[in-house]
Amino acid sequence: MNYKIALIKGDGIGPEVVGEAVNVLDAVGRKFGHTFTYTDVLMGGCATDAVGVSYPDGTAEKCKECDAVLLGAVGGPKWGADKPAEQRPETALLAIRKDLGLYANLRPAVLRPALKDACPLRAETADKGIDLMLVRELTGGIYFGQRERYDTPDRGVECADRMAYSELEIERIGRRAFELARLRRKKVSSVDKANVLETSRLWRSVMHRLSAEYPDVAYEDVLVDNCAMQIVRDPGQFDVMVTENMFGDILSDEASMVTGSIGLLPSASMGDHAPALYEPIHGSAPDIAGQDKANPIATILSAAMMLRYSFHLADEADAVERAVDAVLAAGWRTADTAEPGVTPVGTRKMGELICAAL
Ligand code: IPM
Ligand code: MG
């Protein structure tokens, strides 16, 4: 089969890590008899530099001509909060999520066996393992609600950000979570703030209705503050976690940190139609850009998620994940995960090792 992939290499270390993921995809193609063809799509700070805006006209359309999108990273201090919205990379990220209808963001947090010592939690907690899948709602809530800024007569400037959720939005993300749980350890933890927020009360009632449709999946409600605590106390208790956009933003950073290796974690964003978008959860790391220091594993594992979820190539995805684990088990590390005394390898060498292990 031939698969068309849009590459948004982006800023900072983005081009380097995407380059290694492409090498791994090509190695998969040779081994399993597929061809992958690539189209570069300009987006992010690099687009601002080249054409004046971070999200050039036609960006979403170019992606829609492909079967899936692989994104490196966008952002950097050069295009900071003081710049107009159309020049900021984050604007492009939110726009592409909305334009491609990517309402379901899958962020696995996995403690890879070879990296147990990188886990900042107690050894007995790490020994239990961490393998949770955070399902974050990605196109609704406070991220996309109306924003206001106005003067008041006696309290200075006042601002408001509206958080709204409809039953339709909650139900479709909920179904994703239950369906995913069926393929895993069959447990869904729904995270909300139903003791305070009306959106959370609606969220909870829709999740309860869905839960009745999935009697084979265990279900629990978790308040978001308690959830933040449980992630550092006993992350092994979670299988699939589902939550609204901003809670998911915050909890996914926390969950990735307890695995000790934010440089290793991939993500997928999907809607009801192709293309889905795959990206490492780490940022553009401008401080090490262009120095062959970045860890390409998160992007390589994002490509594995693409094989699994967009192309339904489970054997190929398993092969990539096994190759990554084999290279880590053999002791190879990039600088971000190197234990004291271990000489790190560069981005390119790590990519070559993974291709060879395939
Ligand atoms: C993420 C990021 C983005 C978000 C930012 C860069 C807009 O933090 O993907 O988690 O908040 O969604
Ligand atoms: Mg975030």
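Structure shown above.
This structure is a prediction, so every number in the text was calculated from the model and none was measured.

## Things to note about the overall build of the protein
Okay, so step 1: Along its length, the protein carries twelve helices and twelve strands.
Okay, so step 2: By the compact-globule yardstick of 21 Å for 358 residues, the protein fits well, its C-alpha radius of gyration being 20 Å.
Okay, so step 3: On the principal axes, the C-alpha backbone points of the protein span a range of 60 × 50 × 45 Å.
Okay, so step 4: Intrachain contacts of the protein at a sequence separation of at least 6 include 75% that bridge at least 24 residues.

## Let's talk about the sheet that holds strand β11 (residues 266–270)
Okay, so step 1: Strand order in the open sheet formed by ten strands is β2-β1-β3-β12-β11-β4-β5-β10-β8-β9, with mixed pairing between adjacent strands. On the outer flanks of this sheet lie β2 (35–40) and β9 (218–223), each paired with one strand and no other. With strand direction ignored, the average angle separating the axes of adjacent strands in the sheet is 25°.
Okay, so step 2: Judged from the six bridges that link them, strand β8 (residues 187–192) and β9 form a sheet pairing that is parallel. Among the inter-strand pairings, S190 is bridged to a residue of β9, identified as D221.

## Let's talk about unusual backbone geometry
Okay, so step 1: The omega angle of the peptide bond from A274 to P275 is 0°, so this bond is cis rather than trans.
Okay, so step 2: The phi dihedral of A285 falls on the positive side, at around 40°, and the residue is not glycine.
Okay, so step 3: Checked against the element boundaries, A285 lands in the loop between β12 (276–280) and α10 (297–309).
Okay, so step 4: On the basis of relative accessibility, which here comes to 24%, the residue A285 falls in the partly exposed class.
Okay, so step 5: Here D292, not a glycine, exhibits a phi torsion of approximately 60°, which is positive.

## Comments concerning the site of ligand 1
Okay, so step 1: Around ligand 1, the neighbouring residues are E90, L93, R97, R107, R136, Y143 and D249.
Okay, so step 2: Within the side chain of R97, one N or O atom sits 2.8 Å away from an oxygen atom of ligand 1.
Okay, so step 3: In isolation ligand 1 exposes 320 Å². Once the protein is present, 71% of that is buried.
Okay, so step 4: Looking at the shell around ligand 1 element by element, the count peaks at three residues for helix α4 (residues 89–99).
Okay, so step 5: Broken down by class, the residue content of the shell around ligand 1 amounts to two nonpolar, no polar and five charged.

## Regarding the pattern of salt bridges
Okay, so step 1: Tallying each qualifying case throughout the model produces 28 salt bridges.
Okay, so step 2: The network of salt bridges with common partners includes E167, E171, R175, R209 and E213.

## Quick word on the side chain of T152
Okay, so step 1: With respect to the secondary-structure elements, T152 resides in the loop between β6 (147–151) and β7 (157–161).
Okay, so step 2: A polar side-chain atom of T152 sits 2.8 Å from the main-chain amide nitrogen of R155.

## Overview of the environment of G58
Okay, so step 1: Looking at the element boundaries, G58 is found in the loop between α2 (45–51) and α3 (59–64).
Okay, so step 2: The spacing of G58 and F238 is 180 residues in sequence and 40 Å in space, taken between C-alpha atoms.

## Remarks on the packing of aromatic side chains
Okay, so step 1: The tally for this structure, following the rule as stated, stands at six aromatic pairs.
Okay, so step 2: With a centroid separation of 5.7 Å and an interplanar angle of 25°, the aromatic rings of Y3 and F36 are classed as stacked. Of this pair, Y3 sits in strand β1 (residues 2–10) while F36 sits in strand β2, and the two are 33 residues apart along the sequence. The residues Y3 and F36 share a single accessibility class, namely buried.
Okay, so step 3: Put simply, the rings of Y3, F36 and F311 pair up and form one aromatic cluster.
Okay, so step 4: If you follow K98 out to its NZ or CZ, it ends over the ring of F144, 4.6 Å from the centre.
Okay, so step 5: Above the plane of the ring of Y143 lies R136, whose end atom (NZ or CZ) is 5.2 Å from the centre.

## Things to note about the pairing of β1
For a regular strand, the rule is simple: side chains alternate between the two faces of the sheet.
Okay, so step 1: Note that β1 and β2 share six bridges and pair parallel. Looking at the pairing, I5 lines up with Y38 of β2.
Okay, so step 2: Considered for its hand, the β-α-β crossover made up of β1, helix α1 (residues 14–32) and β2 is right-handed.
Okay, so step 3: Two strands pair when backbone bridges link them, and β1 and strand β3 (residues 68–73) are joined in this way by five bridges, in the parallel orientation. Counterpart to I8 in the pairing with β3 is L71.

## A closer look at the packing of α1 against helix α11 (residues 314–329)
Okay, so step 1: Running from N to C, α1 and α11 point in directions that differ by 125°, and their axes come no closer than 11 Å. Considering the angle they form, α1 stands oblique to α11. Between α1 and α11 the crossing geometry is right-handed. Contact with α1, carried on its side by V24, V28 and F32, involves D315, E316, A319 and V320 of α11 and no other residues of that element.
Okay, so step 2: When grouped by side-chain class, the residues that make up the contact of α1 with α11 number five nonpolar, no polar and two charged.

## Comments concerning the environment of D287
Okay, so step 1: Here D287 shows up in the loop between β12 and α10.
Okay, so step 2: Judged by its relative accessible area of 61%, D287 is exposed.
Okay, so step 3: Remark: the alpha-carbon pair of D287 and Q230, spanning 57 residues in sequence, is separated by 33 Å.

Reading the values: the criteria
- Residues numbered from 1 in each chain as written.
- Chains lettered and ligands numbered in written order.
- Predicted model: local features only at pLDDT ≥ 70, side-chain atom pairs only at ≥ 80, totals over all residues.
- Heavy atoms only, no water.
- Helix = DSSP H or I, 4+ residues; strand = E, 2+ residues; numbered from the N terminus.
- Rg over C-alpha atoms; globule rule 2.2 N^0.38 Å.
- Contact = heavy atoms within 4.5 Å.
- Pairing = 2+ DSSP bridges.
- Axes fitted to C-alpha atoms, helices over the stretch in contact; angles between N-to-C directions.
- Buried < 20%, exposed > 50% of the residue type's maximum accessible area, 1.4 Å probe, protein only.
- Near = heavy atom within 4 Å.
- Polar contact = N/O pair within 3.5 Å; in protein donor to acceptor, adjacent residues only side chain to side chain.
- Areas by Shrake-Rupley, 256 points an atom, 1.4 Å probe, with all protein chains shown as cover.
- Nonpolar A, V, L, I, M, F, W, Y, C, P; charged D, E, K, R; others polar.
- Salt bridge = Lys/Arg side-chain N within 4 Å of Asp/Glu carboxyl O.
- Phe/Tyr/Trp six-rings, centres within 6.5 Å; stacked < 30°, edge-to-face > 60°.
- Lys NZ or Arg CZ within 6 Å of the ring centre and 35° of its normal.
- Right-handed = clockwise from strand over helix to strand, strands pointing away.
- Parallel < 35°, antiparallel > 145°, perpendicular 65-115°, else oblique.
- Left-handed = near helix turned anticlockwise from the far one by under 90°.

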